[in-house]
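Letter by letter, the chains look like this.
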Amino acid sequence: NLFNIHSMSDYLGRFFARLMPVLLILVMVVVIGRYFFDIGRVDIQELALYVHALIFLGCAGWAYSADEHVRVDIFYRNASTVYKKAVNTFGIIFFLLPMIVVLGYYATDFVAASWSVLEISTEPGGLKIVYIQKSFIFLVFYLNSFQILLEFIQCSANILEITSLRLNASHLRLFKKAKRKCQR
């Protein structure tokens, strides 16, 4: 069900967005520890990095579904609905879909290699779970894949519906014109 994909994206996006206070606290602990107490904690710095990655990658599909992604709005802003749907469909097919396919293709080997050696941090005192952080890449792949599918289906359906309505309207005009000619 398409509505469930949108609901899932919305729920997960809101869930990951709620991690922002955690990120803020981690960064504050690092800054206060370093500048006021001369204590450096690499593990907390890396944890803040992991939480940031989780927020960014986890909210990407949600931002796209809420139409809050980056777009050059010069021509798009005042355009008609049909034009916007056509631009969105074009962007999905020629930009977003290839990026997601390449990301998924290369991420598989990248993450598998990290898990095969149970990769750890190269920093002394760093976290021993780098392989888990690298697995976050699949979040953006799966969430955006679902969102792309939903958006593509919606855009295609709207374009077909609008085209169909235009065709029906033109057929109706032709029918009325032919009917007037017959009545003369």
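Before reading on, note that the structure itself is shown above.
Let me sum up the structure you'll find in this document.

Rules used in this analysis
Residues numbered from 1 in each chain as written. Predicted model: local features only at pLDDT ≥ 70, side-chain atom pairs only at ≥ 80, totals over all residues. Heavy atoms only, no water. Helix = DSSP H or I, 4+ residues; strand = E, 2+ residues; numbered from the N terminus. Expected span 1.5 Å × (residues − 1). Bend = angle between axes of the 7 residues up to and from the residue. Core = buried A, V, L, I, M, F, W, Y, C linked by side-chain atoms within 4.5 Å. Buried < 20%, exposed > 50% of the residue type's maximum accessible area, 1.4 Å probe, protein only. Contact = heavy atoms within 4.5 Å.

A few points about helix α3 (residues 42-65)
Thought 1: Here α3 spans 35 Å end to end across 24 residues, near enough to the 34 Å set by a 1.5 Å rise per residue.
Thought 2: The largest bend along α3 reaches roughly 40° and is located at C59.

Structural notes on the nonpolar core
It is characteristic of soluble globular proteins that their nonpolar side chains tend to be buried jointly.
Thought 1: Ranked by internal contacts, the top residues of the largest apolar core, which has 18 residues, are L19, V51, I55 and F136.
Thought 2: Mapped by element, the contributors of at least two residues to this core are α2 (20-37) and α3.
Thought 3: No other element matches the nine residues that α3 contributes to this core.
Thought 4: In this structure V51 touches L19, V22, L23 and L26, once residues within four positions along its chain are discounted.
Thought 5: I92, L96, I100 and F141 belong to the second largest nonpolar core, which has six residues in total.

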